[in-house]
Amino acid sequence: MAVPCPDSGDGEQRLVKLQRLAAAGFPPFGQAFPNTRLLADLRKDFKESLAVRTAGRLMTIRDMGKSIFADLRDGSDRFQLYAGKSHTAEFDTFKHLLDAGDLIGVEGELFTTRMGEPTIRILKWTLLAKALRPLPEKWHGLKDVEIRYRQRYLDLIANPNVRRLFDQRAQAVREIREFLWAKGFREVETPMMQPQPGGAAARPFKTHYTALNTDMFLRIAPELYLKRLLVGGFDKLFELNRNFRNEGLSKTHNPEFTMLEIYQAWSDRQGMQALVQELITTVAQKVVGSLQVGRDENRIDLAPPWREVTYRDLILEKAGADWYDLAPAAARAHAISLGLAIDPAWSMTQVTHEIYEKLIERTLKNPTFVTRLPRELVPLAKVCADDDHVVDVFELVIDGKEIAPGYSELNDPREQRKRLETQSGAEAQKVDEEFLLALEHGMPPAGGMGIGIDRLVMILTGAEAIRDVILFPQLRPKSDQSSGTSNQSSVISDQ
RNA sequence: GGGCCGGUAGCUCAGUCGGUAGAGCACGGCACUUUUAAUGCUGGGGUCGCGGGUUCAAAUCCCGCCCGGCUCACCA
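Residues numbered from 1 in each chain as written. Chains lettered and ligands numbered in written order. Predicted model: local features only at pLDDT ≥ 70, side-chain atom pairs only at ≥ 80, totals over all residues. Heavy atoms only, no water.

(A) View of the confidence of the model for chain A. Per-residue confidence for chain A gives a mean pLDDT of 92, with 94% of residues at or over 70. Counting interchain partners and residues more than four positions distant, the pLDDT-below-50 stretch residues 482-487 has 10 contacts. The complex model carries a pTM of 0.92, and its ipTM stands at 0.92. (pLDDT = per-residue confidence, 0-100. Contact = heavy atoms within 4.5 Å.)

(B) Quick peek at the pattern of salt bridges. Scanning the model with the defined rule gives 40 salt bridges in all. Between E409 and K227 there is a salt bridge whose closest N-O contact spans 2.5 Å. With E409 in the loop between β18 (401-408) and α12 (413-427) and K227 in helix α7 (residues 223-231), the pair connects residues that are 182 residues apart, well separated along the chain. A cluster of three or more residues bridged by salt bridges with shared partners is formed by K17, D99, D102 and K130. (Salt bridge = Lys/Arg side-chain N within 4 Å of Asp/Glu carboxyl O. Helix = DSSP H or I, 4+ residues; strand = E, 2+ residues; numbered from the N terminus.)

(C) Geometry of the pairing of strand β1 (residues 51-63). Relative to strand β4 (residues 103-112), β1 is paired through seven bridges, and the arrangement is antiparallel. Looking across to β4, one finds that A55 is bridged to G105. Sheet topology places β1 next to strand β2 (residues 67-73); six bridges connect them, and they run antiparallel. Its bridge partner being in β2, L58 is matched across the sheet by L72. Counting the residues in the hairpin turn of β1 and β2 gives three residues, including G65, whose phi is positive at 95°. (Pairing = 2+ DSSP bridges.)

(D) Examining the sheet that holds β1 more closely. Strand order in the closed barrel formed by five strands is β1-β2-β3-β5-β4, and the pairing between neighbours is mixed. For this sheet the average axis-to-axis angle between neighbouring strands, irrespective of direction, equals 55°. (Axes fitted to C-alpha atoms, helices over the stretch in contact; angles between N-to-C directions.)

(E) Spatial organisation of the environment of A170. Looking at the secondary structure, you find A170 in helix α6 (residues 160-182). Classification of A170 by relative accessible area gives partly exposed; the value is 47%. (Buried < 20%, exposed > 50% of the residue type's maximum accessible area, 1.4 Å probe, protein only.)

Right under this line is the structure:
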């Protein structure tokens, strides 16, 4: 059966093919095609002449006249197909009306080609969905980062390494849950819409709840609710879900990001350090298969024990042994001489922290627990027993990124009120009275910590930007004037 | 928000000094029954991000805008 197509644009040609396929008895958007096997399993269990049934997306088609080779792809693998005039049903329809990108179901038998390639000899096939648009370029893949993010499905089809990365992310999340479950932690869910944002210092997203006629905020952290659950008797709990912060975008910041927060009653900062070290090394072993992670040019060694160093020692090492003895004016001058831009209004704590953030943190490549931070920086942590100017916390830094903060949690409601009121005075943030009320009922001494899951996945996979580990990173919505996908008007709009 | 760089066919990219818009992949036609970036011949496909300006003439020069990337600022 000859089925020539008109010589016009690709989109139009595919529409014509769609109509001809329908006329030939192939509904272009087919029904379920059950009892298929994954292509990866066919490869694993390959047996000559084995009857198989499978489905996937046609990726490339090599038409040799009476013999056609094609590559089929599913979520697990790719596999070669072979259609021949003498044995494949509806061969001419297959030859002329299918395109790269179409989704098909296949019944046939396995064999090995002369070149040694495991292949399915197609006996019967059916159309499961006609692709009305072409695939991205098969050799160079899809490079346009804007299309990769806005139309991530094309990125996933065209770039198998991207699919692998998101498989690794999914596996990491699963391993984290299994690890914590095995240790007796319970997963909980607390409000993402909060009447008052707390647990961190960040600008929140604001919305309005009509039924209660009240403003609500997307949470910037779940911490204050999880601590209410500590009061309520959840001794070991965690929440793994999204936080939202109304701040700028960068290689390490997305306005919605995934945070794991873990609390353990009767524990403390040191207990959490041991827990996070075991958790991350376990996940790395399961997901990456090694404690040497990242790309070749940026290897990170996760082998324990991880370095532990006080904030003060890092500052003294960088700013000089006399740093904390300097008069404010001399200290500012010295900070400026180190290349920093110092605001004259800053306190000494802020100047010192600028040195930490700009000159020290980004140099800490292998995992490092930075401990004993200034108390002003962490209002929800207990002060150290031997020095109430610093708090009993760690900041886990890997590859120069803040990955996980952990504390001995402050459970004294009187002290907590003072610390929050000091902070709220400076930042016009209201004190969360419901949280303080809970503390007054008695919160057990506890260790707590948070892990930025997106950044952890960056470490494990060697991704350079947080956008590359988030399936749909935040972008400005398309406008009519912009480029990229907006010029792709629908191929069916004028039908 | 500031600075720098970019946007040309569905995709990957060329486009010289301002002088008729190009290639590969993809798509149509022809040939080929073991190819795998198949091959050979051949054909169609463009709002050069959007708008304005300069010019006999603009993808190209100028201005404004949109979108993206890098970076700075912001960011417990």
